[in-house]
Amino acid sequence: MSGEAEPLLRTEESGQRNYAHDDSEFAPSQQRSHALRIRSVVWAVLGVVFVIGVVFALVDPGHLRDYGWSGKLPRDPVLAADRLLDSAPVIDGHIDLPEVARLGFRNNVSGIPLDGKMPMHVDIPRLREGKVGGFFWSVYVSCADSSAEGKDFLNATWRVRDTLEQIDVAKGLIEKYPDTFSYALSSEDITQSISQHKIASLLGVEGAHQLGNSISVLRQYYTLGVRYVTLTHMCHNAFADSAGFLTQIAPLHYGLSPIGFKLIEEMNRIGMLVDLSHTSDMTATQALLHSKAPVIWSHSSARAVHNVARNVPDEVLSLIGTGEGQKDGVVMVNFAPYFVAPNGEANVKTVADHVEHIAKISGKKHVGIGSDYDGIGETPEGLEDVSKYPALIAEMYRRGWDKYELAGLTGGNLLRVFAGAERVARELQAAGTPAVYDIYDKREDLPIRREL
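Reference entry: report on the structure contained in this document. All chains use their own residue numbering, which begins from 1 and follows the written sequence. Totals for whole chains, interfaces and linings use every residue, but because this is a predicted model, local features are given only for residues with pLDDT of at least 70 and side-chain atom pairs only at 80 or more, for both listing and counting. Neither water nor hydrogens contribute to the side-chain values; these are computed over all heavy atoms in the structure.

1. Examining the overall build of the chain
Move 1: Each helix corresponds to a stretch of at least 4 residues labelled H or I by DSSP, and each strand to a stretch of at least 2 residues labelled E; elements are numbered beginning at the N terminus. Within the chain one finds 16 helices and 9 strands.
Move 2: Taken over 452 residues, the chain has a buried fraction of 50%.
Move 3: Computed by Shrake-Rupley with a 1.4 Å probe, the accessible areas treat only the displayed protein chains as cover when residues are assessed. Summed over all atoms, the accessible surface of the chain reaches about 21,600 Å², with 56% contributed by carbon and sulfur. Burial classes follow relative accessibility: with a 1.4 Å probe on protein chains only, a residue under 20% of its type's maximum area counts as buried, one over 50% as exposed, and anything between as partly exposed.

Shown next, in the form of structure tokens:
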């Protein structure tokens, strides 16, 4: 063996380090060098990105919007709608999916394939495509035959039984798909469901003819999870007058009946939203003036744009707001072609015309979306089913609506009104407001009070 040691095997005594046996000083140095190289690469990449951003900003500032770097929506309306709905999904005020379950599947929840292709406008794949964050499941049953129920609405017609079945089928479908739907009872539940990327599911009763002339039934519906009651459908009832359908029908009560005023008081007390879709102009006006809580139109459009009885006239729209003599509320635009435009002319633009008009009269904070999907036989061109909501948002963006106004339209305005009704209920209950036990004065099944 040579007397000269190999360089990597020399000891400290030889005056040189033995890296094969002692790398305690070399390793930290190597790590520092590696970290510096990584840091240099990172800063270089960031520098390139910054330069590219500056170039884009100088050449076309809109690129920053298109790539989401400016906090503004993209210039392209389709991209803008898509991005807006990611953070402010649609909360639809009225979808008739339970009616499809009843008429198409005899309410057999086990046989309803919501995760596949459903026969009309609503199923889970299309709800996801349309970026829906929540909707009211309408637990609607039709008005009774007038000759069967009698002129004073006293004959039994199974409306309450059928409503309970619709509540049951809606709940059953919500429970069947727990990864998609989240049962919601409050405005806070809606926001929580959306934060969990689920579709908030609420219940609405579409007509006080479903109450069996009883305020007690109202309270029980609330206990079962119903959060709005429409005062009428296309028929008068013991509580209020209807607008009819395309043409107005002769009044019965000239607005609210005496027990109709009491109904609204109890709805306010328990936190049930007062829904004025389908009501006559006199009913709507009186309800607006009498209610202590904000109100909704779950699925109504503007009569000034298309003159049919079911739409809301300007004189009623002018009562909505937060000013003197006004009531906070939200009118959620209906997509039914016969409420939107003359025959064959309904499309995205004509629906947008209704949104614009309501916003012009009542304000942009008082308009929302209440499609009536699954409850209408036809749909506007471009709004064929629940997957098409982005088309309406894109159209409103083209018309100059900003992201805050659009977020109000898609659901923020409804959430504000819902929270307002909840606040009024808490205040009334805290003040000790008694429950309403008034009885419909034409009932004959209860004895007249006698002194015992």
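2. Side note on the layout of surface pockets
Move 1: Estimated volume of the largest pocket: approximately 350 Å³.
Move 2: The wall of the largest pocket is formed by 19 residues, among which F153, L154, N155, G212 and N213 lie closest to the centre.
Move 3: Any residue that is not Ala, Val, Leu, Ile, Met, Phe, Trp, Tyr, Cys, Pro, Asp, Glu, Lys or Arg is counted as polar, Gly included; the first ten are nonpolar and the last four charged. The residue inventory of the lining of the largest pocket, partitioned by class, reads 7 nonpolar, 7 polar and 5 charged. Lining residues are those with an atom within 4 Å of a point, where the points come from a 1 Å grid over the protein atoms alone and group into cavities, where a 1.4 Å probe fits but cannot get out, or pockets, open sets with protein on both sides within 12 Å along at least five of seven lines. Grid points are joined across faces, edges and corners, and a volume is the space filled by probe spheres set on the points.

3. Points about the pattern of salt bridges
Move 1: When a carboxyl oxygen of Asp or Glu is within 4 Å of a side-chain nitrogen of Lys or Arg, the pair counts as a salt bridge. For the structure shown, the criterion picks out 20 salt bridges.
Move 2: Close ionic contact of R416 with D328 constitutes a salt bridge, the shortest N to O distance being 2.9 Å. Taken together, the residues R416 in helix α16 (residues 403-430) and D328 in the loop between α12 (314-317) and β8 (329-333) connect sequence positions 88 residues apart.
Move 3: Judged by its relative accessible area of 30%, R416 is partly exposed.
Move 4: A cluster of three or more residues bridged by salt bridges with shared partners is formed by R102, R159, R161, D162 and E165.

4. Points about the state of the cysteines
Should the sulfur atoms of two cysteines be covalently bonded, the bond is a disulfide.
Move 1: Disulfide: a pair of cysteine sulfur atoms within 2.5 Å of each other. Applying the stated rule across the entire model yields 1 disulfide.
Move 2: In this model C143 forms its disulfide with C235; the gap between the sulfur atoms is 2.0 Å. The chirality of the disulfide connecting C143 with C235 is left-handed, given an S-S dihedral of about -85°. Placement of C143 in the loop between β2 (132-138) and α6 (146-149) and of C235 in the loop between β5 (226-230) and α10 (258-270) is noted, with a sequence separation of 92 residues between them.
Move 3: Judged by its relative accessible area of 16%, C235 is buried.

5. Details of the nonpolar core
Move 1: To define a nonpolar core, start from buried Ala, Val, Leu, Ile, Met, Phe, Trp, Tyr and Cys residues and group those joined through side-chain atoms within 4.5 Å. Grouped together as the largest cluster of nonpolar side chains are 92 residues, with contacts concentrated most on L114, W137, F181, L231 and W297.
Move 2: In this structure, L114 is in contact with L97, V122, D123, I124, P125, W137, L173, Y177 and F181, ignoring residues within four places of it in sequence.
Move 3: With 19 residues, the next largest nonpolar core counts F136, A293, F418 and A421 among its residues. Pairs of residues are marked as contacts when any of their non-hydrogen atoms sit within 4.5 Å.

6. Digging into the side chain of H299
Move 1: With respect to the helices and strands, H299 occurs in the loop between β7 (295-297) and α12.
Move 2: H299 sits in the buried class, given a relative accessible area of 1%.
Move 3: A distance of 3.4 Å separates polar atoms of two side chains, one belonging to H299 and the other to H278. What qualifies as a polar contact is a pair of N or O atoms within 3.5 Å, subject to a donor-acceptor requirement within protein and to the restriction that residues adjacent in sequence count only when both atoms come from side chains.

7. Points about empty space enclosed by the protein
Move 1: Taken as a whole and assessed by the stated rule, the structure comprises 1 cavity of 30 Å³ or more.
Move 2: Taken as a whole, the largest cavity spans an internal volume of roughly 70 Å³.
Move 3: If you go around the largest cavity, you meet 15 residues; those closest to its centre are L276, T279, W297, N311 and V312.

8. Section: the packing of aromatic side chains
Move 1: Side-chain rings of Phe, Tyr and Trp, where Trp is taken by its six-membered ring, are said to pair if the distance between their centres is within 6.5 Å; with planes under 30 degrees apart they count as stacked, over 60 as edge-to-face, and otherwise as tilted. Inspection of every chain in the model, using the stated rule, returns 11 aromatic pairs.
Move 2: Here the aromatic rings of Y373 and Y389 are separated by 5.8 Å at their centres, their planes lie at 75°, and the arrangement is edge-to-face. In this pair, Y373 is assigned in the loop between β9 (367-369) and α15 (389-398) and Y389 in helix α15, connecting sequence segments 16 residues apart. Across the pair, Y389 and Y373 agree in class, each one buried.

9. Concerning the environment of F105
Move 1: Relative to the helices and strands, F105 is located in helix α4 (residues 97-105).
Move 2: Sequence-distant contacts of F105, defined by excluding residues within four places in its chain, comprise V100, G111, I112, P113, M118 and P119.

10. Considering a nonpolar patch on the surface
Move 1: Residues I38, V42, W43 and L46 make up a contiguous nonpolar surface patch of about 420 Å² in total accessible area.
Move 2: With respect to the helices and strands, L46 occurs in helix α1 (residues 26-59). Exposure above 30% relative accessible area and the absence of a salt bridge qualify a residue for a patch, where like charges join within 9 Å and nonpolar side chains (Val, Leu, Ile, Met, Phe, Trp, Tyr) within 5 Å.

11. Quick look at the side chain of S182
Move 1: Position of S182 among the secondary structure elements: in strand β3 (residues 181-183).
Move 2: Classification of S182 as buried rests on a relative accessible area of 17%.
Move 3: A polar contact is formed between the side chain of S182 and the side chain of S193, at a distance of 3.0 Å.
Move 4: Every residue in contact with S182, bar those within four places of it in the chain, is listed here: I174, S193, K198, I199, A200 and S201.

12. Things to note about the pairing of strand β1 (residues 90-95)
Move 1: The buried fraction of β1 is high, at 6 of 6 residues.
Move 2: Pairing between strands requires that DSSP locate at least two bridges from one strand to the other. Note that β1 and β2 share 4 bridges and pair parallel. Counterpart to D92 in the pairing with β2 is F135.

13. Side note on the packing of helix α7 (residues 159-176) against helix α9 (residues 215-224)
Move 1: Helix axes are fitted to C-alpha atoms over the stretch in contact, other axes to C-alpha atoms as well, and angles between N-to-C directions run from 0 to 180 degrees. Running from amino to carboxyl end, α7 crosses α9 at an angle of 10°, the nearest separation of the two axes being 12 Å. Between α7 and α9, the angle is such that the two are roughly parallel. In this structure, α7 contributes V160, T163, L164, I167 and K171 to the contact, and α9 contributes V217, Y221 and L224.
Move 2: Across the contact of α7 with α9, the residue classes tally to 6 nonpolar, 1 polar and 1 charged. Throughout, the term roughly parallel applies to angles under 35 degrees, roughly antiparallel to angles over 145, roughly perpendicular to angles from 65 to 115, and oblique to all others.

14. Section: α10
Move 1: Under the convention used throughout, the expected extent of a helix is 1.5 Å for every residue step, that is, one less than its residue count. Taking 1.5 Å of rise per residue, the 13 residues of α10 would be expected to cover 18 Å, and the 19 Å separating its terminal C-alpha atoms lies within 8% of that figure.
Move 2: All buried positions along α10 are accounted for by I259, G260, L263, I264, E266, M267, N268, R269 and I270.
Move 3: On its buried side, α10 packs onto α9, β5, β6 (273-275), α11 (281-290) and α16.
Move 4: Just downstream of α10 lies G271, where phi reads positive at about 95°.

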